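Understanding the architecture of this molecule
Each chain is listed here by its residues.
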Amino acid sequence: MTHSNPPGIVENRHLLGENVRQVRWALKLFLPLAAMVVLMLLPTPFPPVVSSDSTVSFGPATNFPVGSPGPFAIAIADLNADERPDLITANINANTVSILLGTGTGSFEDAINFPVGASPTSIAIGDLNADGNPDLVTTNQSSADVSILHGNGDGTFPCTPTFGLCISDGAAFVAHPSFPAGTTPFGIAVADLNGDGTLDVVVGNGYFASSVSVILGAGDGSLGPATSFTALSLIYRVAIGDLNGDGNLDIVTVSFNAVYQGLSVLLGVGDGTFGPPAYIGVGLSFAVAIGDLNGDGKLDLAVPVQMPGLLTEGHVTVLPGLGNGTFDLGASQTFLVGITPYGIAIGDLNGDGGLDLATANLSSDDVSVLLNGASVDPTPPKPPSTPDLANEDDTGVSEIDNLTQNTSGLTLSGTAEAESTVELFDGAASLGTTPAAGTGNWSKDLTLSAGMHSITAKATDAEGNISSASGTLSVVVDGTPPDTSITSRVDGNGAAVASGGSTVSGSIAFTFDGTDNVEVAGFKCSLDGTAYAPCVSPVGYSALAVGSHTFQVLATDVAGNEDTSPATFTWGVITPAEASQNLIAAIGNMGLPASVAKSLTAPLGKISALLSDNDPGNDGDVCSKLDSFINQVNSSAKKKQLTTAQAQQLLQAATAIKSSLGCP
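Conventions we followed
- Residues numbered from 1 in each chain as written.
- Predicted model: local features only at pLDDT ≥ 70, side-chain atom pairs only at ≥ 80, totals over all residues.
- Heavy atoms only, no water.
- Helix = DSSP H or I, 4+ residues; strand = E, 2+ residues; numbered from the N terminus.
- Expected span 1.5 Å × (residues − 1).
- Buried < 20%, exposed > 50% of the residue type's maximum accessible area, 1.4 Å probe, protein only.
- Phe/Tyr/Trp six-rings, centres within 6.5 Å; stacked < 30°, edge-to-face > 60°.
- Lys NZ or Arg CZ within 6 Å of the ring centre and 35° of its normal.
- Contact = heavy atoms within 4.5 Å.
- Lys, Arg positive; Asp, Glu negative; His and termini not counted.
- Salt bridge = Lys/Arg side-chain N within 4 Å of Asp/Glu carboxyl O.
- Polar contact = N/O pair within 3.5 Å; in protein donor to acceptor, adjacent residues only side chain to side chain.
- Pairing = 2+ DSSP bridges.
- Axes fitted to C-alpha atoms, helices over the stretch in contact; angles between N-to-C directions.
- Core = buried A, V, L, I, M, F, W, Y, C linked by side-chain atoms within 4.5 Å.
- Parallel < 35°, antiparallel > 145°, perpendicular 65-115°, else oblique.
- Nonpolar A, V, L, I, M, F, W, Y, C, P; charged D, E, K, R; others polar.
- Disulfide = S-S within 2.5 Å.

Further remarks concern helix H5 (residues 644-661). Between the first and last C-alpha of H5 there are 26 Å, a value that for 18 residues agrees with the 26 Å anticipated at 1.5 Å per step. When we look at burial in H5, the residues that qualify are Gln646, Ala647, Leu650, Ala654, Ala656, Ile657 and Lys658. Phi turns positive one or two residues past the end of H5, at glycine 662, with a value near 80°.

Here we come to the packing of aromatic side chains. For the structure shown, the criterion picks out 11 aromatic pairs. Between phenylalanine 64 and phenylalanine 108 the ring centres are 5.4 Å apart and the planes differ by 80°, which places this aromatic pair in the edge-to-face class. Placement of the pair is phenylalanine 64 in strand E1 (residues 62-65) and phenylalanine 108 in the loop between strand E4 (96-100) and strand E5 (112-115), with a sequence separation of 44 residues. Accessibility assignment for this pair places phenylalanine 64 and phenylalanine 108 in one class, buried. Cluster of aromatic residues (ring-pair linked, three or more members): Phe510, Phe512, Phe523, Tyr541, Phe551, Phe569 and Trp571. Directly above the ring of phenylalanine 425 sits lysine 458, whose terminal nitrogen or CZ lies 5.5 Å from the centroid.

Tracing the sequence through the fold places valine 518 in the loop between strand E38 (508-515) and strand E39 (520-527). Relative accessible area serves as the criterion here: at 39%, valine 518 is assigned to the partly exposed category. Separated by 41 residues in the primary sequence, valine 518 and alanine 559 have C-alpha atoms spaced 8.3 Å apart. Excluding residues within four positions of it along the chain, valine 518 makes contact with Val476, Asp478 and Val558.

Its place among the elements puts aspartate 356 in strand E26 (residues 356-361). As a buried residue without a salt bridge, aspartate 356 has its nearest oppositely charged side chain in arginine 84, at a separation of 13 Å. Of the polar contacts made by the side chain of aspartate 356, one reaches the backbone nitrogen of leucine 349; its length is 2.7 Å. The contact partners of aspartate 356, leaving out residues within four places of it in the chain, are Phe58, Ala345, Ile346, Gly347, Asp348, Leu349, Asn350, Leu370, Leu371 and Asn372.

Before going further, it helps to spend a moment on unusual backbone geometry. The omega torsion of the bond from serine 537 to proline 538 falls at 0°, within 30 degrees of zero and hence cis. Along the polypeptide, proline 538 turns up in the loop between strand E40 (533-535) and strand E41 (539-541). Notably, glutamate 419 is not glycine yet its phi reads approximately 60°, a positive angle. Looking at where glutamate 419 falls in the secondary structure, it is placed in the loop between strand E30 (410-415) and strand E31 (421-426). The exposed category is assigned to glutamate 419, whose relative accessible area is 65%. Positive phi is not limited to glycine here, since lysine 640 has a value of about 65°. With respect to the helices, strands and loops of the structure, lysine 640 is situated in the loop between helix H4 (619-638) and H5. Accessibility expressed as a relative area gives 72% for lysine 640, which makes it exposed.

The 4 strands lie next to each other as E2-E3-E4-E5, forming an open sheet whose pairing is antiparallel. If you trace the sheet from one side to the other, it starts and ends with strand E2 (71-77) and E5, each paired once. Taken pair by pair, the neighbouring strands of this sheet meet at an average axis angle of 25°, ignoring direction. Both E4 and E5 contribute to a ladder of 4 bridges, which runs antiparallel. Paired with isoleucine 99 across the strands is isoleucine 112, a residue of E5.

The biggest cluster of nonpolar side chains holds 26 residues, and the ones touching the most others in it are Ile587, Leu592, Leu600, Phe629, Val633 and Leu650. Top element by residues in this core is helix H3 (residues 594-612). It accounts for 7 residues. Counting residues in each nonpolar core, the second largest holds 19 residues, with Ile486, Val553, Ala555 and Ala567 among its members.

Here is the key point about a regular strand: its side chains alternate between the two faces of the sheet. With 6 bridges connecting them, E31 and strand E32 (residues 429-435) associate as antiparallel partners. Pairing of phenylalanine 425 across the sheet is with serine 430, part of E32. Connecting E31 to the antiparallel partner E32 that follows it, the hairpin turn spans 2 residues, and glycine 427 within it adopts a positive phi of roughly 70°.

To continue, consider the packing of helix H2 (residues 576-588) against H5. Interaxial distance between H2 and H5 falls to 10 Å at its minimum, and their mutual angle equals 170°. Considered as vectors, H2 and H5 are oriented roughly antiparallel to each other. Across the interface between the two elements, Pro576, Ala579, Ser580, Leu583, Ala586 and Ile587 from H2 touch Gln649, Leu650, Ala653, Ala654, Ile657, Ser660 and Leu661 from H5. Within the contact of H2 with H5, the residues separate by chemical class into 10 nonpolar, 3 polar and no charged.

All chains considered together, the criterion is met by 2 salt bridges. A salt bridge links glutamate 562 to lysine 524; the shortest N-O distance between them is 2.6 Å. You can see glutamate 562 sitting in the loop between strand E42 (547-557) and strand E43 (567-573) and its partner lysine 524 sitting in strand E39, a full 38 residues away along the chain. Notably, a salt bridge pairs lysine 658 with aspartate 627, separated by 2.7 Å at the nearest N-O pair. Linking lysine 658 in helix H5 with aspartate 627 in helix H4, this pair joins segments that are 31 residues apart in sequence.

Moving on, we come to the sheet that holds strand E35 (residues 473-477). Taken in spatial order, the 5 strands of this open sheet run E29-E35-E34-E31-E32, and their pairing is mixed. A strand with exactly one partner marks an edge of an open sheet, and here the two such strands are strand E29 (403-404) and E32. In terms of strand pairing, E31 meets strand E34 (residues 451-460) through 6 bridges, oriented antiparallel. The residue of E34 that forms the bridge with aspartate 426 is isoleucine 455.

Scanning the entire structure with this criterion turns up 2 disulfides. Two residues share a disulfide in this structure: cysteine 525 and cysteine 535, whose sulfurs sit 1.9 Å from each other. Here the S-S torsion is close to 75°, and the disulfide linking cysteine 525 with cysteine 535 is therefore right-handed. Of this pair, cysteine 525 sits in strand E39 while cysteine 535 is found in strand E40, placing the two residues 10 residues apart along the sequence. With respect to burial, cysteine 525 and cysteine 535 carry one shared label: buried. Between the sulfur atoms of cysteine 623 and its disulfide mate cysteine 663 the distance is 1.8 Å. For the disulfide bridge between cysteine 623 and cysteine 663, the dihedral angle about the S-S bond is near -75°, and by the sign convention the bridge is left-handed. On the criterion of sequence distance, the pair formed by cysteine 623 in helix H4 and cysteine 663 in the segment after H5 is long-range, its members being 40 residues apart. Judged by relative accessible area, which is 9%, cysteine 623 ranks as buried. A residue is classified by how much of its surface remains accessible, and cysteine 663, at 14% relative accessible area, is buried.

Next comes the structure, spelled out in structure tokens:
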């Protein structure tokens, strides 16, 4: 369903016209500056720091940038369901909210920004649509409305609004529906004011009204009409809490005008209505937060106030509650924060059970965090050492090349700050964490996919400070074996030997090659079933016995993988007699004229008979007859009775037989 601005908002804009819009922008830009000037002229209203049973202690402020100009308000909530409080700021000069996800130690990740309405001045958090996820509500001063961003439950919000609409997969829907508030809504808070189980909204009506608007929730993310209650004019912020312990929620507002600077307390009746305001003078303040900061069971107030001067540190005044809706001003305390603290929130940011403070600092574009009862070391640890792959896992050609054929059980180790938490990253992806021992040593077993990995480490100390990244360990995981091929096989006579073929030569040489998705490191060879041994192409064998032979070769790669299907070549070494018989058979298969075939096979038959006698004394006669056969082949080739290829085949075979016999 598409929402539009309610008629009341349009009507107000129409009645006030362009002049009012200009006034609002002028106030937005210059009122904070004017407030600073007035503050410099007024007496400093800072209460003294005293010691009493109601005192509270905070460590020094740690500042975190929000990445967007003009942080004007701040809230604390667990937006991504990791049980760690997160910080959220409304940024008046950027029309955004900034989300700083918490580490649970009082430290925060870099800010992520989401667009909202025009000039957001305050922010509140609650599950407005009952989907179990926290939603954000902002007051938008320039558009005089309230915006709602419904959360996904993971610290993000559904898409980027454009002119009030959100475009996602081609469909338009409202990203932050707006509801009418006062003339210039400024402060906002969310709570179940009337006890119906549905969250309601309280809005401080800013520059043009001396009231707060109570907007009761419908339970589906929408809001009802606004009801106004009198308070001081120029209301900056509102906060909600049971200040007098009667079970009903009360409202505190912060105001600044030419006559009065301070707080209004409106005690709740319990049905969404409130009594008349009671005033507390605290000086020039811009926000208020409620919580039991000193652990006495009574709600206290924390109010940020700017010190004299435009670019000096501000401070937070803590007013101890008396449990009856009033506060002990004489026991108030002050704590330094950033420049121009316009927003404040209370929550247990480091999980120690004590409530901490966070302020949004307009002029320094950051937030200040004050941890309750402890002095926090803000110094990040030194970067860990570059991670190292265990030698036993480095299966490559050396133990330092960081190549492995294993994908699981890989052990990485290194050193980091003692007792810190080390997180490993593969590029930007986290590989998990592991603790560093008191000695600083750490190790972690990993499973990595095949391919190249760039692994770094960061250390987080006990205070949540995160180091910069270590050096990069480049690991190549290659579990794929290489492929091997035999590219040539030549016998001792220089003749190519066919697979499954034969040769009269007792010598043979092989060339071979391999391919791999990383790099081939070497080869291993085996002859006739002997153990594989390293070899280099070409490899040769000699003095081979007559009979069948098998040569095998496999490639190895740089990660230590071996070809599981070696390249194999089988051939036979035959006797000269067998070679002459094979030559006769070859002539018979050439399809020659009978007379030509007879002229060639006749001397071969005699040669075969002489060789079959196994009488070395016949070798000379055999050599002579082989010469006659060679002459006959050349003569037949000249007469075109043989093709060139046929002649070469016969001559090569005859020459091989001569060579095997040692003929001249």
